[in-house]
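Inside the fold
Single-letter residue listing:
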Amino acid sequence: MSAQPPILITGAGQRLGLHCAQRLLDDGQPIIVTYRQMRPSIEHLIQRGACAIAADFSTEQGILRFIDQLKANTPCLRAIVHNASTWQAESSDAVDPLLFQQQINVHMLAPYLINLHSEALLRASEKADIIHLTDDVVRKGSAKHIAYCASKAGLESLTLSFAQRFAPHIKVNNIAPALIQFNEHDDDAYKAKALKKSALQIEPGPEVVYQSLRFLLDNPYLTGASLPLNGGRHLI
């Protein structure tokens, strides 16, 4: 492990987390990443020098197991980026309490426990940040993703509480993205409809998330804040 304190990014196997991990490595920043399943992308990050830890955040036991592994791998952290997420919709004909609990565990319990157990690791760094990846959907709610939306709203609340608890040494902020990049299976009709939901009407790509992350890491006078990375959706 480099003498420079690493940044932990959870859920870095694909999409936004993967892009941010790659860009941090481009900047010469040591990183620790978590993943649910081994992918070629994780193998590539390891080849580039990342420390990768398999983690299951859907249960308390899995979260605590990861925390033990994290502490065994580093004595300090420059930052924690809580990107790990699970996107599941409620069934229209069945009630599934397990779905709700899993989303709470991934989006709230994991950040809650990791933040608390990692306080000493963060305080061992000259500069320290915690950044939560929430979601712009918490502004309106979601009829199809009720548990997801509620748990992301809870994560946004955790931002405020941890910002108070950890000040002044550890800054705590969140990024609330809306549409950032389409999936491969999205058709043209869906894309056109989705783009019209924002004032800027573009698919910005994951670099805007890294730019927001970089801004929060570099700005010394911002804590307890939420960056609305939504292209002006609140204006529509």
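Source: prediction; values computed, not measured.

Thresholds, definitions, all that
Residues numbered from 1 in each chain as written. Predicted model: local features only at pLDDT ≥ 70, side-chain atom pairs only at ≥ 80, totals over all residues. Heavy atoms only, no water. Helix = DSSP H or I, 4+ residues; strand = E, 2+ residues; numbered from the N terminus. Rg over C-alpha atoms; globule rule 2.2 N^0.38 Å. Buried < 20%, exposed > 50% of the residue type's maximum accessible area, 1.4 Å probe, protein only. Contact = heavy atoms within 4.5 Å. Areas by Shrake-Rupley, 256 points an atom, 1.4 Å probe, with all protein chains shown as cover. Pairing = 2+ DSSP bridges. Axes fitted to C-alpha atoms, helices over the stretch in contact; angles between N-to-C directions. Core = buried A, V, L, I, M, F, W, Y, C linked by side-chain atoms within 4.5 Å. Arc of directions from axis to C-beta.

The next point concerns the overall build of the protein. Of regular secondary structure, the protein possesses eight helices and seven strands. The C-alpha atoms of the protein give a radius of gyration of 17 Å, which matches the 18 Å a tight globule of 236 residues would have. Expressed as lengths along the three principal axes of its C-alpha atoms, the size of the protein is roughly 50 × 40 × 35 Å. Going through the 236 residues of the protein one by one, you find that 47% of them count as buried. Sequence separation of 24 or more characterises 71% of the internal contacts of the protein that already satisfy a separation of 6 or more. As displayed, the protein has an accessible area near 11,900 Å², and 53% of this comes from carbon and sulfur atoms.

Only one face of strand β7 (residues 226-229) is covered, namely the one carrying L227 and L229; the face carrying S226 and P228 has none of its residues buried. As defined by bridge partners, strand β6 (residues 170-177) adjoins β7 across four bridges and the pair is classed as parallel. Pairing of I175 across the sheet is with L227, part of β7.

Read across the sheet, seven strands follow the order β3-β2-β1-β4-β5-β6-β7 without closing on themselves; strand pairing throughout is parallel. For this open sheet the edge positions go to β3 (51-54) and β7, each flanked by a neighbour on one side alone. Strand-to-strand twist of the sheet, defined as the mean angle between neighbouring strand axes without regard to direction, takes the value 15°. In this fold helix α1 (residues 15-26) packs onto β1 (7-9) and β2 (31-35), with an angle of close to 160° to the strand it touches most, β1.

Turning our eyes to something else, we now look at the nonpolar core. Generally speaking, nonpolar side chains in soluble globular proteins are found buried as a group. Judged by nonpolar contacts, the single largest core of 29 residues is most densely connected at I9, L24, V33, L45, V209 and L213. Listing elements by their share of this core, those giving two or more residues are β1, α1, β2, α2 (40-47), β4 (79-82), β5 (128-133), α8 (207-218) and β7. Beyond its immediate sequence surroundings of up to four residues, L45 is in contact with A12, L18, A21, Q22, L25, V33 and A50. Counting 28 residues, the second-largest nonpolar core is a separate cluster that includes I53, A55, L70 and L77.

We now examine α2. Within the sequence span of α2, burial applies to S41, I42 and L45. Buried residues of α2 fall within an arc of 100° about the axis and therefore sit on the same side. Exposed positions of α2 whose direction lies more than 90 degrees from the buried face are P40 and Q47. Check the buried side of α2 and you find it contacts α1, β2 and β3. Among the residues trailing α2, G49 stands out with phi positive, at a value near 115°.

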